[in-house]
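Descriptive analysis of the structure
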Amino acid sequence: MKELILGGARSGKSALAERLAAESGLAVVYIATATAGDAEMSGRIAHHRERRPAGWGLEEEPRHLAAALKDAAASGRCLLVDCLTLWLNNIIADEALFQRERAALLDALPGLPGRVILVSNEVGMGIVPLGELTRRYCDEAGRLHQDLAQLCDRVTLVAAGLPLVLKGKSL
């Protein structure tokens, strides 16, 4: 099963993804895409690390997500990727890398064995940003979410800790 969970900042999307992974009954590998560029982000990473069960595997991969997914995927395993928008941020400035990694992710996802839960920030529901790069980032995140939603069995939007299934079987 492939699943996309979207939501705004502090919406509860990561907590939902972690709960679903824990309830899957499968061995879980958490694939983290964040990099600690400052103290605030280091705190966010620490918060996520503290609430993860000790028995979960961890892969930290900020750029080459498709390769990490292929390496970690197995029929008896649940991969939890948190999060796609941080991954996008890590690759978008390098156009060749962005195009290659985006295509690799979309190509790899359908053939991955086991369960895959993808977490991402829904950034397209606010005001249109002023800067060109920020607008491109929002546009690319939206396009990526649309493409992934076509490939996933279930797509869930989380707001205020409440999940709304947009596609697939209800939770």
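Structural data are supplied above this passage.
So, a few notes on the structure that sits alongside this text. In this text the structure is predicted, and so the values were computed from the model without any measurement. (Residues numbered from 1 in each chain as written. Predicted model: local features only at pLDDT ≥ 70, side-chain atom pairs only at ≥ 80, totals over all residues. Heavy atoms only, no water.)

**Overview of the packing of aromatic side chains**
Rules: When two rings of Phe, Tyr or Trp (its six-membered ring) have centres within 6.5 Å they constitute a pair, described as stacked for plane angles under 30 degrees, edge-to-face for angles over 60, and tilted for the intermediate range. Should the NZ of a Lys or the CZ of an Arg lie within 6 Å of a ring centre and within 35 degrees of the ring normal, that charge is described as sitting over the ring.
Considering all chains together, one arrives at zero aromatic pairs under this definition. Over the face of the ring belonging to Y30 we find R52, whose NZ or CZ atom lies 4.0 Å from the ring centre. Above the plane of the ring of F98 lies R136, whose end atom (NZ or CZ) is 5.0 Å from the centre.

**Quick notes on the pattern of salt bridges**
To be explicit about the condition: Think of a salt bridge as a Lys or Arg side-chain nitrogen and an Asp or Glu carboxyl oxygen that are within 4 Å of each other. Runs of E in the DSSP output that reach at least two residues are strands. Runs of H or I that reach at least four are helices, and both are numbered from the N terminus. Using a 1.4 Å probe on the protein chains alone, a residue whose accessible area is under 20% of its type maximum counts as buried, one over 50% counts as exposed, and one in between counts as partly exposed.
Using the criterion set out here, one finds nine salt bridges in the structure. Its salt-bridge partner being E140, residue R136 comes within 3.8 Å of it at the nearest N-O pair. Remark: E140 and R136 occur in helix α6 (residues 132-151); sequence separation between them is four residues, near one turn of the helix. By relative accessible area, E140 is classed as buried at 11%. In this structure, a network of salt bridges that share partners links the residues E95, R136, E140 and R143.

**Description of helix α5 (residues 95-108)**
The criterion, for reference: A helix is expected to reach a length of 1.5 Å times the quantity of its residues less one. The contact definition used throughout considers only heavy atoms, calling two residues in contact when any of these lie within 4.5 Å.
Taking 1.5 Å per residue as the helical rise, α5 with its 14 residues ought to reach 20 Å, and the 20 Å between its terminal C-alpha atoms agrees with that figure. Among the residues of α5, L97, F98, E101, R102, L105, L106 and A108 are the ones counted as buried. Tucked into the core, α5 has its buried residues touching α3 (65-72), α4 (84-91) and α6.

**Notes on the sheet that holds strand β7 (residues 162-167)**
The condition is simple: Here a strand pair is declared whenever DSSP counts at least two bridges between the two strands. Here the axes come from fitting lines to C-alpha atoms, over the contacting stretch only for helices, and the angles between their N-to-C directions go from 0 to 180 degrees.
Spatially, seven strands are ordered β3-β2-β4-β5-β1-β6-β7 in an open sheet, and the strand pairing comes out mixed. The open sheet has two free edges, formed respectively by β3 (57-60) and β7, since each of these has just one partner strand. For this sheet, the mean inter-axis angle between neighbouring strands, taken without regard to orientation, is 20°. By the bridge criterion, six bridges tie strand β2 (residues 27-32) to strand β4 (residues 77-82) in an arrangement that is parallel. Paired with V28 across the strands is C78, a residue of β4. In the packing of helix α1 (residues 13-23) onto the sheet, the strands contacted are β1 (2-7), β2, β4, β5 (115-121), β6 (154-159) and β7, and the crossing angle to β5 comes to about 175°.

**Some remarks on the nonpolar core**
The following threshold applies: Among buried residues, those of type Ala, Val, Leu, Ile, Met, Phe, Trp, Tyr and Cys that are joined through side-chain atoms within 4.5 Å constitute a nonpolar core.
Grouped together as the largest cluster of nonpolar side chains are 32 residues, with contacts concentrated most on L4, I31, L69, L84, L118 and L148. Of all elements in the fold, only β1, β2, α3, β4, α4, α5, β5 and α6 reach the threshold of two or more residues within this core. The dominant element in this core, judged by the number of residues it contributes, is α6, at six residues. Residues in contact with L84, not counting those within four places in the same chain, are L4, L65, L105, L118, V119, S120 and L148.

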